Amino acid sequence: VTQNDKSPSAKTHVAIGGIHNITIEYNAPSARGRKVEGGLIPYAQIYRMGADAATTMTTDGDIAIGDLKVPKGVHTLYLQASENGPWELVVNNQTKQWGTVYNKDQDLGRTAMKVTKLGSMVETFKITLAGKELSVEWGNTKATVPIKAE
């Protein structure tokens, strides 16, 4: 495997209301000519939200992501994509597992994400925490969900 074939580690961070810090750590795969929506991000099964080790979110205080209350601590993030409906962000309590290991019994919960079609293709998977929003961009899709301190 050459360096160009690897999915580099990435991190995004935001301070919410000056009181809570949220950090998401993940590995960012690139499409490299492959189909993203309905392919790399499957519609029929849970998506690992990145590559390699499971994507983790650490928060030093209680937050709300969409309508889901998330207690402080470390959680794992997954994505349930849909071809025609809203996408769901899945917050899971299992940590330190490989990204393809998903245990639904460990789910804290799910919240709907707003899906927008982008005008240009995003080659490399990207998670962003900015302002009061968590966003995921890849392929021709951007999925967003509001975040706030509790």
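Thoughts on the environment of aspartate 62
Right, so step 1: For aspartate 62, the location among the structural elements is in the loop between β3 (56-59) and β4 (63-65).
Right, so step 2: As a C-alpha pair, aspartate 62 and threonine 12 span 50 residues in sequence and 18 Å in three-dimensional space.
Right, so step 3: Beyond its immediate stretch of four places on either side in the chain, aspartate 62 contacts His20, Val70, Pro71, Lys72, Ala149 and Glu150.
Right, so step 4: Looking at aspartate 62, its side chain comes within polar contact range of the main-chain nitrogen of lysine 72, at 2.9 Å.

Some thoughts on the pattern of salt bridges
Right, so step 1: As enumerated under the stated definition, the model contains four salt bridges in all.
Right, so step 2: As a salt-bridge pair, glutamate 25 and lysine 11 come within 4.0 Å of each other at their nearest N and O atoms. Of the two residues, glutamate 25 sits in strand β2 (residues 20-27) while lysine 11 sits in strand β1 (residues 9-16), which places them 14 residues apart along the sequence.
Right, so step 3: Given a relative accessible area of 37%, glutamate 25 falls into the partly exposed group.
Right, so step 4: Given the relative accessible area of 58%, lysine 11 is considered exposed.
Right, so step 5: Note that glutamate 150 and lysine 69 form a salt bridge whose closest N and O atoms lie 3.0 Å from each other. One end of the pair, glutamate 150, is in the segment after β9 (133-149); the other, lysine 69, is in strand β5 (residues 68-70), and 81 residues separate them in sequence.
Right, so step 6: Assessed through its relative accessible area of 43%, glutamate 150 is described here as partly exposed.

Cut-offs and rules
Residue numbering note: each chain is counted from 1, following its sequence as written. At least 70 in pLDDT is required for a residue's local features to be given in this predicted model, at least 80 for side-chain atom pairs to be given and counted, and no such filter applies to totals for whole chains, interfaces and linings, which use all residues. Excluded from the side-chain calculation are hydrogens and water; included are all heavy atoms of the structure. Every helix listed is a DSSP run of H or I at least four residues long, and every strand listed is a run of E at least two residues long, numbered separately from the N terminus. In this analysis, two residues are considered to be in contact whenever any of their non-hydrogen atoms come within 4.5 Å of each other. The term polar contact refers here to a pair of N or O atoms within 3.5 Å; inside protein, the definition further demands a hydrogen-donor-capable atom paired with an acceptor-capable atom, and it admits residues adjacent in sequence only when both atoms are side-chain atoms. We define a salt bridge as a side-chain nitrogen of Lys or Arg found within 4 Å of a carboxyl oxygen belonging to Asp or Glu. Burial here depends on accessible area, computed with a 1.4 Å probe over protein chains only, as a share of the maximum for the residue type. Under 20% is buried, over 50% is exposed, and the range in between is partly exposed.

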